[in-house]
Amino acid sequence: MSTVDHALAAAPATRIGSLNGRIQAQLGLVLIGLGAWAYGVTQLRPAAVGDYGLLTSANTFFVLGLVALMAGFVVELARSSPRGSLLTLNLIALIVAIHATIPIVYGGTPEYAWVYKHVGIISSFAHYGRIADPSNIYDQWPALFAAVAAISSLAHMNALSFAAWAPLAFELADALLLLGIFRLLVGDRRAPYLAVGLYEGLIAWVGQDYLSPQAFAFLLWLAMAYVILRWLRAPDARSTGSRIARLRARLVTGMTPAPATTRRQRLVAVVLVGAIYFVIVAAHQLTPYVILAGVGALMLLDLLRPRWLVLLLAAIAGAYLAPRYGLISSNFGGLFSGGNPLQNASGSHGTYNAGGEALTAQVVHYLAAAMWLLTLGAVLLRRKTLGRVLIPALLAFSPFLILGAQSYGGEAIYRVYLFSAPWCALLIAGLLLELRMPRRLPIRWLLTAGVCLAALFAGLQGLYGPVSVDAFTRSELRASQWLYAHAPRGSLLVLPDDNFPTLQAADYSSYDLQVMPSDPQLGQTWLDEGNLADVRSWMSDLGHQTAYLVVSRSMRADAHYFGAPRGYDELVSEIPSALHGAVVYHDADTTIYRLTFG
Amino acid sequence: MSRSRSELTAYAGLLSSVLAIALVLGAPTAWLGLIGALLLACVPAGAAVMCWIDAGENAAQAGLTLAVSLTVLALASAIMIWLAAWEPRALLGLAGAAMISCVLRLRVARTAGAAR
């Protein structure tokens, strides 16, 4: 009989009964949370979602379900020996609740207009089996698109049928790897789970987990990070007399020793890292350089072996980029588009509208500021044993280096946030678990629950806030599919607002898709859509005899949410009379007009 | 512990390879076919590699199996696109290769067990 068996045999029946009772109570909390969330979701209707998003128009069951899931998670963490199985179940339930809501409410249509563009590349690969449009930047970084095209071809199913579930799949996979990485970095049993729980709230808003190369590359980066931290850590260096060595020794004070490895293991690890990195390089333009910044920072402090690893990675990235540099140059103004980090960090310029947009933007700004400030606090509090936090701190702040070179079309700051968030979550989790608190009062766990809930609901406001804009109804998708099935190839397709599912067809490049240049934030001369003479003249200048003009619920929501394009409502009401548009398709959410030019 | 983790990976690789091939080739519905294709994408190639490596941690072992599988699938698919030689069914070969690797791993484990 094992020690555990002896202990169990010796335990009074009442204690075992109480243990079972507690397991059932914790499990009950997960099931109640999931049940309340599921019932709440069935009561949500897209039409009822306003400018402030899903959370503000959600019912009590939906909100209480999420609270119960997070509360159950923290209650289990607070136990003297938290059970991994229940924590894992809680995390899975939480991730499902966060990321399955929108696909369920919107009938499985993918969120974000740009996802349809990705589906178009996937369909093109599956249909033609080759790069059909070499001038398209997506075709030149094909790893993710080719992989999904293969899945789609093997299943005989269009990627549109499953693309909506990508955020859920990516987040579950990310959480698995993050749990592994965090366990490797900290000995504490609670911190890895708490960090993953926090992370799920922190990154909910940043919207980088949809079917996209960056979500795929991020997942692969986590795998790469595990391999590097498990097998390629430098053995503990002996401090020599030099000033640099003494500085390094001070920085690594308290660091857990590198795991023991053999030469063969390190060789296999380098091959794995090289292969994974090559696929990342072939999938996404920016991610390889964010990774280089992280690996380079670790290398600078001599924490990795072999020392030439960073050179190998840089060579892979450079060799892939060189023949394609023209595309980077034309899309992003070159690898170094600007050396002004503040400008590069300003994000996508919104025409900050009052109401929903302003509120959601403010919430996520506070969330981001809180995340980085708390992380800084966590590092400062461990200043005497910096080695304990050195690796996560380097990986949390190294992504900022990207801002010195690129704005990535205004998106660089979101990638910085994404790549920084896991390590920030780990450092904040450590801070919460190590802060000195009065022992008799459960302040630590109340504070932890408060921080987790604040991160979750702030993140969810960012994710669900613009949902009426970002998500599309099934009828909008049907309308788009009708358009590509019925408009003759070569037709001019016109969108008054850039928020409609388009380009998802395999032959997307056979159409001339034009979005009216009607956004004042472009800064140049922009088109006032209320001025119908200008609109007509702009369309006829495009050189087509006919045009298909689409208006939809999602465009109207976009125009109202962002306050642009101005004049959208006037344009819609005047199309039949002033522009002589003939309705060729109409349903509750979309109308398509055919316009003829003399 | 280490051996059981990598052996478990080998069993998972074998099972998923058989299931993936069966579902991709003979699924009665498109959704079952999708499950087969996703299985093929997410497990066999990674299991073929990770059944020889112990990541030292269960979540990491599963996560690396998934990530290595996706890496191999993406690489193989991208090569087919670059060469304009699109034959997605050839990816079933990944499941075949995984079965060989996983069986070999289990045989090595059995031989080592018998020797002890």
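From a predicted model like this one, the values you see are computed outputs, not experimental measurements.

**A few points about the pattern of salt bridges**
Step number 1: Inspection of every chain in the model, using the stated rule, returns eleven salt bridges over all chains.
Step number 2: The partner of A:Arg83 in a salt bridge is A:Glu76, and the shortest N-O contact between them spans 2.7 Å. Taken as a pair, A:Arg83 and A:Glu76 share a single burial class, namely buried.
Step number 3: Across the pair B:Arg5 and B:Asp54 runs a salt bridge whose closest N-O atoms are separated by 2.7 Å. Note that B:Arg5 is positioned in helix α1 (residues 2-26) and B:Asp54 in the loop between α3 (44-50) and α4 (58-82), a separation of 49 residues in sequence. Both residues of the pair, B:Arg5 and B:Asp54, belong to the buried class.
Step number 4: Put simply, A:Glu76, A:Arg79 and A:Arg83 are held in one network by salt bridges that share partners.

**Regarding the pairing of strand β1 (residues 492-495) of chain A**
Residue and element names in this part refer to chain A.
Step number 1: Burial of β1 is two-sided: the residues Leu492 and Val494 facing one way and the residues Leu493 and Leu495 facing the other way are all buried.
Step number 2: In this structure, β1 lies alongside strand β2 (residues 512-515), joined through four bridges in parallel fashion. When the sheet's bridge partners are listed, Val494 is paired in β2 with Gln514.
Step number 3: Relative to strand β3 (residues 546-552), β1 runs parallel, the two sharing three bridges.

**Description of the side chain of B:Gln61**
All names here are of chain B.
Step number 1: Of note, Gln61 is situated in helix α4.
Step number 2: On the basis of relative accessible area, Gln61 is assigned to the buried category, the value being 3%.
Step number 3: Leaving out residues up to four positions away in the same chain, Gln61 has contacts with Arg5, Ser6, Thr9, Met50, Ile53, Asp54 and Ala55.

**Quick word on the interface of chain A and chain B**
Step number 1: Taken together, the contact between chain A and chain B spans 42 residues of the former and 38 residues of the latter.
Step number 2: At the boundary of chain A and chain B, one finds one salt bridge.
Step number 3: A salt bridge links A:Arg183 to B:Glu57, with the nearest nitrogen and oxygen atoms 2.2 Å apart.
Step number 4: Across the chain A-chain B interface, the total number found is two residue pairs in polar contact (both at pLDDT 80 or more).
Step number 5: For the side of chain A that touches chain B, the elements supplying multiple residues, two or more each, are α6 (113-128), α8 (143-155), α9 (166-185), α11 (213-231) and α13 (263-283) of chain A.
Step number 6: Looking at the side of chain A that touches chain B, the element that brings in the most residues is α8(A), giving nine residues.
Step number 7: By residue class, the composition of the side of chain A that touches chain B is 33 nonpolar, five polar and four charged.

**Let's talk about a negative patch on the surface**
Step number 1: On the surface, a cluster of negative charge is contributed by A:Asp528, A:Asp534, A:Asp569, A:Glu570 and A:Glu574.
Step number 2: Here the element with the most residues in the negative patch is helix α26 (residues 568-578) of chain A; it accounts for three residues.

**Looking at the packing of helix α20 (residues 412-434) of chain A against helix α21 (residues 443-464) of chain A**
Residue and element names in this part refer to chain A.
Step number 1: Contact pair α20 / α21: the axes reach a minimum separation of 9 Å and the direction vectors enclose 155°. Relative to α21, the element α20 lies roughly antiparallel. Contacts from Leu432, Leu433 and Glu434 of α20 reach α21 at Arg444, Trp445, Leu447, Thr448 and Val451.
Step number 2: Each residue belonging to the contact of α20 with α21 can be placed in one class, and the counts come to five nonpolar, one polar and two charged.

**Re the confidence of the model for chain A**
Step number 1: Model confidence for chain A is summarised by a mean pLDDT of 90, while 90% of its residues fall at 70 or above.
Step number 2: Taken as a whole, residues 1-11 of chain A scores under 50 in pLDDT and shows three contacts with residues more than four places along the chain or in a different chain.

**A few points about the packing of aromatic side chains**
Step number 1: Here the structure, examined in full by the defined rule, presents 22 aromatic pairs over all chains.
Step number 2: For the ring pair A:Phe62 and A:Tyr464, a centre distance of 6.1 Å and an interplane angle of 50° mean the geometry is tilted. Linking A:Phe62 in helix α4 (residues 60-77) with A:Tyr464 in helix α21, this pair joins segments that are 402 residues apart in sequence. In this structure, A:Phe62 and A:Tyr464 share a single accessibility class: buried.
Step number 3: The ring of B:Trp52 has B:Arg105 lying over it, and the distance from NZ or CZ to the ring centre is 5.8 Å.

**A word on the nonpolar core**
Residue and element names in this part refer to chain A.
Step number 1: Residues Phe62, Trp221, Met224 and Tyr417 are the most contacted members of the largest nonpolar core, which totals 229 residues.
Step number 2: If one sorts the elements of this core by residue count, α11 sits on top with 16 residues.
Step number 3: In this view, Tyr417 contacts Leu202, Ile203, Trp205, Val206, Leu367, Ala368, Met371 and Trp372; residues no more than four positions away in its chain are not counted.
Step number 4: Membership of the second largest hydrophobic core comes to seven residues, among which are Val379, Val389, Ala393 and Leu427.

Conventions used here
- Residue positions are counted from 1 within each chain, in the order its sequence is given.
- Whichever chain is written first is A, and whichever ligand is written first is 1; the rest continue in order.
- In keeping with the predicted nature of the model, local features appear solely for residues at pLDDT of at least 70, side-chain atom pairs appear and are counted solely at 80 or more, and the whole-chain, interface and lining totals rest on all residues.
- With hydrogens and water excluded, all non-hydrogen atoms of the structure serve as input to the side-chain values.
- Each salt bridge in this description consists of a side-chain nitrogen of Lys or Arg and a carboxyl oxygen of Asp or Glu lying within 4 Å of one another.
- With a 1.4 Å probe rolled over the protein chains alone, any residue whose accessible area is under 20% of its type maximum counts as buried; one over 50% counts as exposed, and the rest are partly exposed.
- Helix numbering and strand numbering both begin at the N terminus, where a helix is a DSSP run of H or I of at least 4 residues and a strand a DSSP run of E of at least 2.
- For two strands to count as paired, DSSP must find a minimum of two bridges between them.
- Throughout, a residue-residue contact means that at least one pair of heavy atoms, one from each residue, lies within 4.5 Å.
- Pairs of N or O atoms are called polar contacts if they sit within 3.5 Å, as long as, within protein, a hydrogen donor faces a hydrogen acceptor (for residues adjacent in sequence, only side-chain-to-side-chain pairs).
- Residue type decides the class: Asp, Glu, Lys and Arg count as charged, Ala, Val, Leu, Ile, Met, Phe, Trp, Tyr, Cys and Pro as nonpolar, and the leftover types, Gly among them, as polar.
- Without a salt bridge and with relative accessible area above 30%, a residue can belong to a patch; like charges are then joined within 9 Å and nonpolar side chains (Val, Leu, Ile, Met, Phe, Trp, Tyr) within 5 Å.
- Calculation of accessible area relied on Shrake-Rupley with a 1.4 Å probe; when residues are assessed, cover is drawn exclusively from the protein chains displayed.
- Neither His nor the chain ends contribute to the count of charged residues, in which Lys and Arg are positive and Asp and Glu negative.
- For charged residues, the charge sits on one atom: NZ in Lys, CZ in Arg, CG in Asp, CD in Glu.
- With axes taken as lines fitted to C-alpha atoms, and helix axes fitted only over the stretch in contact, angles between N-to-C directions fall between 0 and 180 degrees.
- Put simply, angles under 35 degrees are roughly parallel, angles over 145 are roughly antiparallel, angles from 65 to 115 are roughly perpendicular, and the rest are oblique.
- A residue's pLDDT is the confidence the predictor assigns to it, expressed on a 0 to 100 scale.
- A pair of Phe, Tyr and Trp rings is counted when the ring centres sit within 6.5 Å of each other, with Trp represented by its six-membered ring. The angle between the planes then sorts it: under 30 degrees is stacked, over 60 is edge-to-face, the rest tilted.
- Two limits define a charge over a ring: the Lys NZ or Arg CZ must be within 6 Å of the ring centre, and within 35 degrees of the ring normal.
- The nonpolar core is taken to be a set of buried Ala, Val, Leu, Ile, Met, Phe, Trp, Tyr and Cys residues, with the residues joined through side-chain atoms within 4.5 Å.

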